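Read off the chains here:
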Amino acid sequence: MGFGFVEVGTVTPKAQPGNPKPRMFRLPEADALINRLGFNNDGLDAFIANVQRSRFRAQGRLLGLNIGKNAATPIERATDDYLACLDGVYPHADYVTVNISSPNTRNLRALQSDEALDALLSAVAERREALAAQHGRRVPLFVKIAPDLDAAQVDVIAATLRRHGMDGVIATNTTIVRDKVKGLRHADEAGGLSGAPVLEASNRVIAQLRAALGAGYPIIGVGGILSADDALSKLRAGADVVQIYTGLIYRGPALVNEVARAFARRP
Ligand SMILES: Cc1cc2nc3c(=O)[nH]c(=O)nc-3n(C[C@H](O)[C@H](O)[C@H](O)COP(=O)(O)O)c2cc1C
């Protein structure tokens, strides 16, 4: 399709069914989706087997693996789940994403707050050192954050990422805010809103991150890219590269080409 890299997940240590259906809704008038899938997945071992079977990296392509926690794991034990996933995916990833921003796993986003984030990233960074020694390869770690953060929260997150030697940040996940879709069918469904209505909030977080982190710190921009112009707006906000999810559903594979061409034409 023309993607420069692919990220898969979120994977959890054990298989889990996710939330009851229906759990995904289209809001076509808004070029948006609401999902509350809840990390439905077959678990870490099956995930790794799939990644290996795909031979994606063997073909020289870049693959990010995104890790999370099981719904049944109490939030106080979240670190155990992230470390178990990190151990498993480490040798199979070009980078690993620590996802602490899904709205569909209870209390997950609380891991973005000061002490919780500090404790989690401290443990993850320490384990990465051990894994780097063991495998002879230092795999970059990215942290994926929500759009629903104020400037002060973003500043604290930025400082914490730096303090623990995280290699980059992914901004953003879906939003729990509904102001841009008020009155539309499905607008009041619980879950994360993605697509066009999240563009502005995502770009705001990217701009705040860039201001806090300075030039040269890798930022992956995601949220609300439905056109080449949207993708360019993310670079202007401060992102280095972008990801697309909902846009692919509404615009199809042509969007990838459109964005790649616009990036190539950039002065
Ligand atoms: C159906 C669906 C499932 C998603 N599942 C995950 C997930 O498992 N882990 C994750 O980090 N983000 C997940 N996301 C969030 C997207 O990766 C992305 O951050 C967000 O949707 C904003 O980008 P978009 O507007 O291009 O979709 C999901 C989004 C959608 C629409």
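Residues numbered from 1 in each chain as written. Predicted model: local features only at pLDDT ≥ 70, side-chain atom pairs only at ≥ 80, totals over all residues. Heavy atoms only, no water.

Along any regular strand the residues' side chains alternate between the sheet's two faces. Residues of strand E9 (residues 219-222) alternate between two faces, with Ile219 and Gly221 on one and Ile220 and Val222 on the opposite face, all of them buried. The pairing of strand E7 (residues 168-171) with E9 spans three bridges and is parallel. Pairing of Val169 across the sheet is with Ile219, part of E9. Where E9 and strand E10 (residues 241-243) come together, three bridges link them in parallel fashion. When the sheet's bridge partners are listed, Ile220 is paired in E10 with Val241. Each parallel crossover has a hand, and the one from E9 via helix H6 (residues 228-237) to E10 is right-handed. (Buried < 20%, exposed > 50% of the residue type's maximum accessible area, 1.4 Å probe, protein only. Helix = DSSP H or I, 4+ residues; strand = E, 2+ residues; numbered from the N terminus. Pairing = 2+ DSSP bridges. Right-handed = clockwise from strand over helix to strand, strands pointing away.)

The next thing to look at is the pattern of salt bridges. Where charged atoms from two side chains of opposite charge approach closely, those side chains can pair. Applying the stated criterion to the full structure yields 11 salt bridges. Notably, a salt bridge pairs Arg77 with Asp80, separated by 2.5 Å at the nearest N-O pair. Using a relative accessible area of 36% as the deciding quantity, one classes Asp80 as partly exposed. With its nearest N and O atoms 3.0 Å apart, the salt bridge here joins Asp240 to Arg210. In this pair, Asp240 sits in the loop between H6 and E10 while Arg210 sits in helix H5 (residues 199-213), placing the two residues 30 residues apart along the sequence. It is possible to trace a salt-bridge network through shared partners that takes in Arg128, Glu129, Arg138 and Asp167. (Salt bridge = Lys/Arg side-chain N within 4 Å of Asp/Glu carboxyl O.)

Following Gly9, the chain continues into Thr10 via a peptide bond in cis, with omega recorded as 10°. Tracing the backbone through its elements, the reader meets Thr10 in strand E1 (residues 5-11). Following Ala171, the chain continues to Thr172 via a peptide bond in cis, the omega torsion being 10°. Topologically, Thr172 is positioned in the loop between E7 and strand E8 (192-195). A positive phi angle is found at Asn107, which is not glycine, with a value near 70°. Relative to the assigned elements, Asn107 resides in the loop between strand E5 (95-99) and helix H3 (114-135). What makes Asn107 partly exposed here is its relative accessible area of 40%.

Turning to its location among the elements, Thr12 is positioned in the loop between E1 and strand E2 (24-27). In this structure Thr12 comes out as buried when scored by relative accessible area, which is 0%. Sequence spacing of Thr12 and Asp179 is 167 residues, and the spatial spacing of their C-alpha atoms is 31 Å. Contacts of Thr12, omitting those with residues within four sequence positions, involve Phe39, Asn41, Gly43, Leu44, Gly68, Lys69, Asn70 and Cys85. Among the polar contacts listed, one links the side chain of Thr12 to the side chain of Asn70, at a separation of 3.0 Å. (Contact = heavy atoms within 4.5 Å. Polar contact = N/O pair within 3.5 Å; in protein donor to acceptor, adjacent residues only side chain to side chain.)

Two elements in contact, helix H1 (residues 44-54) and helix H2 (residues 78-89), have axes separated by 10 Å at closest approach and are oriented at 25°. Judged by the angle between their axes, H1 and H2 are roughly parallel. Between H1 and H2 lies a crossing of right-handed hand. Every residue of H2 that contacts H1 at Leu44, Phe47 and Ile48 is listed here: Ala84, Cys85, Gly88 and Val89. (Axes fitted to C-alpha atoms, helices over the stretch in contact; angles between N-to-C directions. Parallel < 35°, antiparallel > 145°, perpendicular 65-115°, else oblique. Left-handed = near helix turned anticlockwise from the far one by under 90°.)

Looking now at the packing of H5 against H6. Following both chains from N to C, one finds H5 and H6 inclined at 25°, their axes separated by 8 Å at the closest point. In terms of axis orientation, H5 runs roughly parallel to H6. Counting all contacts with H5, which are made through Leu199, Ser202, Asn203, Ile206, Ala207 and Arg210, the residues of H6 involved are Asp230, Ser233, Lys234 and Ala237. By residue class, the composition of the contact of H5 with H6 is four nonpolar, three polar and three charged. (Nonpolar A, V, L, I, M, F, W, Y, C, P; charged D, E, K, R; others polar.)

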